[in-house]
Amino acid sequence: MCNRRDLTGANIHLNKNRNKQQEQADLDKRSFLKLAGASAISLGFAGTGIASGMENKAAETPAQTIPKPENVLTPDQALERLMAGNERYVSGKSEPLDFHDVETALIKGQNPYATILSCSDSRVSPEHCFDEALGDLFVARVAGNYLTHDNLATLEYSVAVLNTPLIMVLGHESCGAVKAAIDAVDHHRDFPGHIQLLASAIAPAVRAVSDTSSSRLINVTKANIIMTVEKLRTKTPVLDYYHDHKKIRIVGGLYHLSTGKVELIA
Ligand SMILES: [Zn+2]
């Protein structure tokens, strides 16, 4: 049995370990930020975002060095523009897309104004539902719009290197991936191959919703979006820095299949 002294020793040991872990996390973050700065410079974005000591100086950069100057926005402006695009889409007023309008600008690089972590569902297309053109949205997709290490790397790249001021996690009604997760948790269903990974990743959202009525699917879908947003805001060592310093906004949207409307839910 441990006496008080043993416990104190164990606490000190744990604290030391925690301090070491924190030091390592800080070191990892500094290494990443240094690397991202170098990458930004090599991509021709010196003077913006991370390449200039984490200050958002994009607006001070001469417009001709930025592929799409109209995409240099604050987080609030970016969200406003995204939702205005959805309004045009819903009301059938989407603007025609002409590749030739932007081809010269985009050969030099890209500065998308929003990053979307979307479900892969063929009925939900971020570029269409926000009525945006090439070079405007940086999109990571996975069935069930949950967070993986790979798509987290994509999101960090968009923020730290491309200076994107907004991230939206975009789920939708009648999501097959969320249905699979509910089947796995509620009915112990096993899926073949790697599909089980997807069900397991969404399982925490299923367990978080106690309601078993006919609204279960939509409520779990919302919980999955909200929990992913929360994870991005607080548990990811690069994005949480930008979020804490109000350099970016991270929001959650639910796409309604019947109307095309994106409802902000987080
Ligand atoms: Zn889906």
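Description of the structure in this document. (Residues numbered from 1 in each chain as written. Predicted model: local features only at pLDDT ≥ 70, side-chain atom pairs only at ≥ 80, totals over all residues. Heavy atoms only, no water.)

A look at the sheet that holds strand E1 (residues 114–118)
In plain terms, the rule: By this definition, two strands are paired if DSSP reports at least two bridges between them. Here a strand is any run of E in DSSP of at least two residues, a helix any run of H or I of at least four, and the numbering for each starts at the N terminus. The convention used is that axes are lines fitted to C-alpha atoms, helices contributing only their stretch in contact, and that angles between N-to-C directions extend from 0 to 180 degrees.
The strand order across the open sheet formed by 5 strands is E2-E1-E3-E4-E5, and the pairing between neighbours is mixed. Of all the strands in the sheet, just strand E2 (137–141) and strand E5 (262–264) have a single pairing partner and so form its edges. Direction aside, the axes of adjacent strands within the sheet are offset by 30° on average. Relative to strand E4 (residues 249–255), strand E3 (residues 166–172) runs parallel, the two sharing 7 bridges.

What about unusual backbone geometry?
Selection criterion: Relative accessibility decides the category of a residue: with a 1.4 Å probe and only protein chains considered, values under 20% of the type maximum give buried, values over 50% give exposed, and everything between is partly exposed.
Phi angles above zero are rare outside glycine, and Asn-145 is one such case at about 40°. The residue Asn-145 is located in the loop between E2 and helix H5 (149–160) in this model. The exposure class assigned to Asn-145 is buried, which follows from its relative accessible area of 2%. Of note in the backbone geometry, His-188 takes a positive phi value of approximately 55° without being a glycine. Within the element layout of this structure, His-188 appears in the loop between helix H6 (176–187) and helix H7 (195–208). Residue His-188 is classed as exposed on the basis of its relative accessible area, which comes to 67%.

A word on the side chain of Asn-151
As a reminder of what qualifies: Residues are treated as being in contact if the distance between any of their heavy atoms lies within 4.5 Å.
Here Asn-151 is to be found in helix H5. Every residue in contact with Asn-151, bar those within four places of it in the chain, is listed here: Leu-117, Ala-140, Val-142 and Tyr-146.

What about the pattern of salt bridges?
The line we're drawing: We define a salt bridge as a side-chain nitrogen of Lys or Arg found within 4 Å of a carboxyl oxygen belonging to Asp or Glu.
Here the structure, examined in full by the defined rule, presents 11 salt bridges. A salt bridge links Lys-68 to Asp-136, with the shortest nitrogen-to-oxygen separation between them at 2.9 Å. With Lys-68 in the loop between helix H1 (4–42) and helix H2 (75–90) and Asp-136 in the loop between helix H4 (126–129) and E2, the pair connects residues that are 68 residues apart, well separated along the chain. A relative accessible area of 5% means that Lys-68 is categorised as buried. Note on Asp-136: relative accessible area 2%, which makes it buried. When the shortest N-O distance is used, the salt bridge between Arg-233 and Glu-230 registers 3.9 Å. With Arg-233 and Glu-230 both in helix H8 (residues 216–234) and 3 residues apart, this pair spans about one turn of that helix. Classification of Glu-230 as partly exposed rests on a relative accessible area of 40%. Sharing partners across several salt bridges, the network here consists of Lys-68, Arg-81, Glu-132 and Asp-136.

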